[in-house]
Amino acid sequence: MNTFSIGHIRPPFHANSLLLRVTENCTWNKCNFCTLYKEGTFHTRKIDDIKKDIDTVVDYRDMIISHINNGFVNQKDIYIEYTALSTDAERECYSMVFNWITADNMKSVFLQDANTMALLPEKTAEIISYLCKKLPEISLVAIYGRADTLSKITPSQYDMLKKSGLTMIHSGFESGCDDVLKLLNKGTTSEQQIKAGKMIKKAGITFNAFYMNGSGGRSLSEKNAIETAEVMNKINPDYIRIRTFVVKPNTVMWHMSKDGRFDECTDIEKVKELFLMIQNLKNCDGYIISDHIINLLPFVEGHIKDKDKIEKYIENFLEMPRLSQKRYQIARRVFFGGDYENITRFTNTTESKIDEILSHFTNESDFEDFIRSCLRRYI
Ligand code: SF4
C-alpha cells in the first residue's frame, strides 16, 4: 500500500485533522526560543508528489469507510485490515485517516510544515483545489505562515487562495512588540503582522494569531502585553491563541538565561502579563483561547467582547493566597489537574501528593525552578 508524508508538528486545534505535508521544515529556523525542525532545511515538495499523497489519502479513506455503516464502525474488520498492513508507515497513515474520519468527520486538513505560505500562492491554490476536489467532505483547510511571508502576499493572491478553498491561517506572532521580536530573533515586525493580518481578514480567511505571554522576560513584560494588544486591536484576529513562553534547553534563550541576558518571568508573572494584554484589548470581537497544556489557566477562553468574565477568572486566581496558587501550580504542572476553581475537589491522594511535593521547597526560587522543569516537557 502506498503511504503519504506526515510531519510531526501541528497546532493542538488540529489534533484530529488530516495532516498533509506540503513543505518540509521552516524557512527561517532561527528563532532564539525554538527547538523545532532542527532536523533539516526548508524545502517545498513537488506538486505531483503532493497530489499523489492526496490520492493515497483517498485510497485509505475508501478502505476505512467501507467498514463504517450508518455511523457504526466495524472495529473487528478495521483491526484485521490495520494489522495486515506491512509497514509502520502504512499503519501510521491508516491510523491518521481513521482518526480523521471518526473523530473529525473528515472536516479539516492542516497543510504542514512551519511556513507553508512561503510556497508560491498559485501553487498552494492548485494543491488546495485538488485536495477539495478529491475530498469534497472537507470544509476547513488550514496552514501556518510567518508574518514576514504573509505580508508579502497580495490581496488578490489571498482572494485566489480563499477561492481555492483555504479557510484558515495560523501565525505564530509570539509578540506584537518589536523589542521582544528582536530579542526572540523572530525575523518579523509588528508592521508586517498588521499588514498581513488585515489582508487575511479582508479576504475572509479565518485568522489565528498566537501570543507567547512572558516571551520578553521580566524587563519587557509590560511592554509586551501592551504592544501585543495594540497589534491585535489593529487586526482584530478571529482567534488569539495563548502559548505561555518557556525557555527550552539548548536554545539561544537558554544560554541567554544562564548568563543573565534574559530574566525569565515566573509562572505567575506570565499570567499577570496575559491579564494586562487582555485588559488592553479594545474593539476586538474575535475569540481568545488557552488551548495548550503549557498555559497555567485553561479557561482563559471566550469572546473578547465579553472579556470581563475572562478578566475576572484571571483576577480571582491572582488574588488567591500564594499557598493555594502553589498547590494549583503543582496540580496543573505535575498531575495535569484541571483548573484552579476545582482545587477544593482534589482527592485525598492528590492532596497528599501535592503536600509531599510542596514540602521539598523552602523558597520561591527553588519552587519556580521546579515548575520550569515541569514545563520543559512540552513542545
Ligand atoms: S518560525 Fe516557527 S518553526 Fe521557524 S524557527 Fe521560528 S518558531 Fe521555530
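Above this note sits the structure.
Please read these numbers as outputs of a predicted model, since none were measured by experiment. (Residues numbered from 1 in each chain as written. Predicted model: local features only at pLDDT ≥ 70, side-chain atom pairs only at ≥ 80, totals over all residues. Heavy atoms only, no water.)

Caption draft 1: Layout of the overall build of the protein. The secondary structure content of the protein amounts to 15 helices and 12 strands. For 379 residues, the compact-globule estimate of 2.2 N^0.38 gives 21 Å, and the C-alpha radius of gyration of the protein, at 22 Å, lies within 12% of that figure. Taken over the C-alpha atoms alone, the protein extends approximately 60 × 50 × 40 Å along its principal axes. The buried share of the protein, taken over its 379 residues, is 55%. Within the structure as shown, the protein displays about 16,900 Å² of accessible surface, and the carbon and sulfur contribution to it stands at 51%. Between the averaged position of the 50 positive side-chain charges in the protein and that of its 51 negative side-chain charges there is a distance of 2 Å. (Helix = DSSP H or I, 4+ residues; strand = E, 2+ residues; numbered from the N terminus. Rg over C-alpha atoms; globule rule 2.2 N^0.38 Å. Buried < 20%, exposed > 50% of the residue type's maximum accessible area, 1.4 Å probe, protein only. Areas by Shrake-Rupley, 256 points an atom, 1.4 Å probe, with all protein chains shown as cover. Lys, Arg positive; Asp, Glu negative; His and termini not counted. Charge placed at Lys NZ, Arg CZ, Asp CG, Glu CD.)

Caption draft 2: Looking closely at unusual backbone geometry. With an omega of 5°, the peptide bond between Q112 and D113 qualifies as cis. Phi is positive for N25, close to 70°, though the residue is something other than glycine. The class for N25 is buried, based on a relative accessible area of 4%. Here N105, not a glycine, exhibits a phi torsion of approximately 55°, which is positive. On the accessibility criterion, N105 (53% relative accessible area) is exposed.

Caption draft 3: Spatial organisation of the pairing of strand 9 (residues 206-211). Counting buried residues in strand 9 gives 5 out of 6 residues, a clear majority hidden from the surface. Of the strand pairs in this sheet, strand 9 and strand 10 (residues 239-242) are connected by 4 bridges, and their pairing is parallel. The residue of strand 10 that forms the bridge with Y211 is I242. Each parallel crossover has a hand, and the one from strand 9 via helix 9 (residues 221-235) to strand 10 is right-handed. (Pairing = 2+ DSSP bridges. Right-handed = clockwise from strand over helix to strand, strands pointing away.)

Caption draft 4: Representation of the nonpolar core within the structure. Y158, I169, M277 and L297 are the most contacted members of the largest nonpolar core, which has 100 residues in total. Excluding residues that lie within four positions of it along the chain, L297 makes contacts with V271, S290, Y313, I314, F317, Y328 and Y340. Grouped together as the second largest cluster of nonpolar side chains are 14 residues, F33, L184, F245 and W254 included. (Core = buried A, V, L, I, M, F, W, Y, C linked by side-chain atoms within 4.5 Å. Contact = heavy atoms within 4.5 Å.)

Caption draft 5: Quick peek at the environment of A125. Here A125 is to be found in helix 4 (residues 121-134). For A125, a relative accessible area of 7% gives the class buried. Separated by 13 residues in sequence, A125 and Q112 have C-alpha atoms that sit 15 Å apart. Beyond its immediate chain neighbours, meaning those up to four positions away, A125 contacts M160, L161 and S164.

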